[in-house]
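# Residue-level structural notes
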4 protein chains.
Amino acid sequence: MKEVSSITSLPVVTESIDPRQVELVSRYADIIQIGARNMQNFDLLKEVGKINKPVLLKRGMASTIKEFLMSAEYILSSGNKKVILCERGIRTFEEETRFTLDLSAVSLIKNLTHLPIIVDPSHATGRRDLVISMSIAAIAAGSDGLIIEVHPNPQEALSDGFQSLALEEFSTLMQKLYPITQAVGRKI
Amino acid sequence: MKEVSSITSLPVVTESIDPRQVELVSRYADIIQIGARNMQNFDLLKEVGKINKPVLLKRGMASTIKEFLMSAEYILSSGNKKVILCERGIRTFEEETRFTLDLSAVSLIKNLTHLPIIVDPSHATGRRDLVISMSIAAIAAGSDGLIIEVHPNPQEALSDGFQSLALEEFSTLMQKLYPITQAVGRKI
Amino acid sequence: MKEVSSITSLPVVTESIDPRQVELVSRYADIIQIGARNMQNFDLLKEVGKINKPVLLKRGMASTIKEFLMSAEYILSSGNKKVILCERGIRTFEEETRFTLDLSAVSLIKNLTHLPIIVDPSHATGRRDLVISMSIAAIAAGSDGLIIEVHPNPQEALSDGFQSLALEEFSTLMQKLYPITQAVGRKI
Amino acid sequence: MKEVSSITSLPVVTESIDPRQVELVSRYADIIQIGARNMQNFDLLKEVGKINKPVLLKRGMASTIKEFLMSAEYILSSGNKKVILCERGIRTFEEETRFTLDLSAVSLIKNLTHLPIIVDPSHATGRRDLVISMSIAAIAAGSDGLIIEVHPNPQEALSDGFQSLALEEFSTLMQKLYPITQAVGRKI
């Protein structure tokens, strides 16, 4: 992984789910991800709070905004100030989308904290046909970034193909995002 | 009400909650609103389906997108094609906002139907500090319009003051909205 | 319907969904039912508050306990004191059952009010294999009665067959209920 | 803790939240508890799957029944067959109770698996006045046991006093439970 990263110059984000492996993972990854299922795995949070790499903390699928920020606080108070929050949808009764993307959480968190927050519309909606519009809406709501799943051929993807953008769709997204970032006063 | 409307030239939107009063209300209002609590009041839906005025149908606070569209179908199939949908937040466990504004529903409904859909960020969030950002995000997500509560002096409003914009905030919103509407290819 | 009732001596419960028909329905039905979708149809509530027949008020599928009691209050304050409440499940993320039966609501409402409350495990679970156990649990939680769907041949039922008990299952339920009613100090 | 256990002959249940401490905790505890926040902490599940002590697995506060059983499967497939499930309430919009106790999950899980399942009405409701009735309902629904918080003086409890039973209330509960266990054919 580290090798591919050197060749491609792409930074590596890897999930760590076990406090015992945090140190090892942090040697090879550029960003450590804490998944939604581990948002309240407090020992893991404390462990990534001790390293010197950015941590991408995903919101639990039924966590309140308060709980999300309290989990971030675990990492911050352990010494690691490089916390990036990620809204990735919450559980509701709705069945057309996998989760319900909570963009007011993004806006509220921007008001409450200085931490960067990004949005994952691919996981949140679980539907390719909503990824572009929800990406645009996320940036408009104040999101500092996006996680977009892309695949050269989504129909043949081993996993999550139905929520991945094809390369030309990704290109469309980037073109549509540009004027929005300008409109909300952000530079890219 | 009709009189004030004539003087101000502002169109009147009024909620009808009783099938017996639909005919009367439609004589004075320009748009008939069906509130979230009545989204599945099928007799009322059929009644407003018989009149020749636009109907603003608000999504039930725990209604799926499918149920929302099926309620619209009740009106359409009774003969009234002028249905405007309105997303106004759904119930979740979140306590920081009154409801959770579901912008992916807006985008999905734009894909599934030809009906106009607007968003009510004031009711959905219940917080003045989120109204501007959620309005921008709603338009970015594809919303055809917004319902914004405004009050000359929100602190003294008889109801819903905490979610109403002051006049200068409304003016700020309009200025911020303009470039977004341009960015998503809409004209105002 | 009235005729069948005379012949069989079974009382008739019928849903009224339109305030204009309340008076008519109340002439033929022994109990007027207000469905979950109309729990906050306030004109309908006021209308059934004026008649002299018991009203069976079903809880809205996303209504809080407070809202449920406030809807009952609409009927009571219009003059009709014969209100029977009915818990029939609330919407959650769970997909194995149609709704989530909220038995703590039953117990809490018994503490808060003097109104009778009954439970509808057939609609709440949507699964025949849970109806018997949830009926027993409902009575144990303090429920004053049950609505059980029964069909001579559930496999061939025109609607809701998958949640209806066959006659012999109903007989099993009655046998199992008897000792529970004794155990919680109720007589049948 | 071990010492107190020897003196009192009460078995010890302790939560383990870190895979690194499972072995240590299992030396002193009679049962290892996995808390709701760690229900999908898969490394922890695999770790407790390797020990020879019973594991009490609490349902995540927004986990489906399927996910709950899949988490149990992680422990079982790692070799430890002594899994006890615990329903402790799920998150909904209801605000009168802390969580919504899902007793149909108990009944459904009894149908689907051979694993014992117990219920925690104290945490689920967060209200002392509901603990007795929900305990009775839980046993009626098929629960194999209960976790009841008791305190000699709940008003002075350092934590969770508002949901703890006083000793005389606990005694009342035990008396009320006895006929229910008889009624559902269980022996105590």
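Thresholds, definitions, all that
Residues numbered from 1 in each chain as written. Chains lettered and ligands numbered in written order. Predicted model: local features only at pLDDT ≥ 70, side-chain atom pairs only at ≥ 80, totals over all residues. Heavy atoms only, no water. pLDDT = per-residue confidence, 0-100. Salt bridge = Lys/Arg side-chain N within 4 Å of Asp/Glu carboxyl O. Helix = DSSP H or I, 4+ residues; strand = E, 2+ residues; numbered from the N terminus. Buried < 20%, exposed > 50% of the residue type's maximum accessible area, 1.4 Å probe, protein only. Contact = heavy atoms within 4.5 Å. Buried area = accessible area lost by both parts, 1.4 Å probe. Polar contact = N/O pair within 3.5 Å; in protein donor to acceptor, adjacent residues only side chain to side chain. Nonpolar A, V, L, I, M, F, W, Y, C, P; charged D, E, K, R; others polar. Axes fitted to C-alpha atoms, helices over the stretch in contact; angles between N-to-C directions. Parallel < 35°, antiparallel > 145°, perpendicular 65-115°, else oblique. Left-handed = near helix turned anticlockwise from the far one by under 90°. Least-squares fit on C-alpha atoms with pLDDT ≥ 70 in both. Pairing = 2+ DSSP bridges.

The predicted coordinates should not be examined in detail at positions where pLDDT is low. In this model, chain A carries a mean pLDDT of 92, and residues with pLDDT of at least 70 account for 98%. Our summary of model confidence lists the complex with pTM equal to 0.91 and ipTM equal to 0.91.

The next thing to look at is the pattern of salt bridges. Tallying each qualifying case throughout the model produces 56 salt bridges over all chains. A salt bridge links C:Arg127 to C:Glu96, with the shortest nitrogen-to-oxygen separation between them at 3.7 Å. Separated by 31 residues along the polypeptide, C:Arg127 in the loop between α6 (121-125) and α7 (128-141) and C:Glu96 in the loop between β4 (83-87) and α5 (103-112) bring together distant segments of the chain. Of the residues examined, C:Glu96 reaches a relative accessible area of 23% and is grouped as partly exposed. Residue C:Arg186 is joined to C:Asp144 by a salt bridge in which the shortest nitrogen-to-oxygen separation is 2.8 Å. Of this pair, C:Arg186 sits in the segment after α8 (167-183) while C:Asp144 sits in the loop between α7 and β6 (145-146), and the two are 42 residues apart along the sequence. Classification of C:Asp144 as partly exposed rests on a relative accessible area of 30%. Within this structure, A:Asp18, A:Arg20, D:Glu47 and D:Lys50 form a network of salt bridges that share partners.

Moving on to the environment of A:Ser71. All names here are of chain A. With respect to the helices, strands and loops of the structure, Ser 71 is situated in helix α4 (residues 65-77). For the pair Ser 71 and Lys 176, spaced 105 residues apart in the sequence, the C-alpha separation amounts to 34 Å. In contact with Ser 71, other than residues within four places in its own chain, are Met 39, Gln 40, Phe 42, Leu 45 and Leu 57.

Facing 36 residues of chain B, the contacting portion of chain A comprises 36 residues. Between chain B and chain A the total buried area reaches about 2,700 Å² when both faces are included, carbon and sulfur atoms providing 69% of it. In terms of surface lost to chain A, no three residues of chain B exceed B:Phe93, B:Ser104 and B:Leu108, which account for 20% of the buried area on that side. Between chain B and chain A we count 4 salt bridges in total. Salt-bridge contacts for A:Arg59 lead to B:Glu94; the nearest nitrogen and oxygen are separated by 3.1 Å. For the pair chain B and chain A, the interface holds 8 residue pairs in polar contact (both at pLDDT 80 or more). Of all the elements in the fold, those that place two or more residues in the side of chain B that touches chain A are α4 (65-77), α5 (103-112), α7 (128-141) and α8 (167-183) of chain B. Broken down by class, the residue content of the side of chain B that touches chain A amounts to 18 nonpolar, 10 polar and 8 charged.

So, about the packing of helix α7 (residues 128-141) of chain D against helix α8 (residues 167-183) of chain D. All names here are of chain D. As a packed pair, α7 and α8 sit with axes 10 Å apart at the nearest point and diverge in direction by 20°. Taken together, the axis directions place α7 and α8 in an arrangement best described as roughly parallel. Here α7 runs over α8; the crossing is right-handed. Every residue of α8 that contacts α7 at Arg 128, Ile 132, Ser 135, Ile 136, Ile 139 and Ala 140 is listed here: Glu 169, Thr 172, Leu 173, Lys 176, Leu 177, Ile 180 and Thr 181.

Right, let's get into the relation of the copies chain B and chain A. What relates the pair of chain copies is a rotation about an axis plus a shift along that axis. The two copies are related by a screw motion: chain B maps onto chain A through a turn of 180° and a shift of 0.0 Å along the axis, at an RMSD of 0.0 Å. On the angle and the small slide along the axis, the relation comes out as a two-fold axis. Ranked by how close their C-alpha atoms come to the rotation axis, the residues of chain B are headed by B:Ala137, at 2.3 Å. Both copies present the same face, since 100% of the interface residues in chain B are matched by interface residues at the equivalent positions in chain A.

Here the focus is the sheet that holds strand β3 (residues 55-58) of chain C. Residue and element names in this part refer to chain C. Pairing in this open sheet of 6 strands is parallel, and the strands run β1-β2-β3-β4-β5-β6 from one edge to the other. Edge strands, defined here as strands with exactly one partner in the open sheet, are β1 (13-15) and β6. Bridge count for strand β5 (residues 117-119) against β6 is 2 bridges, and the pairing is parallel. Residue pairing for β6: Ile 118 is matched across the bridge by Gly 145.

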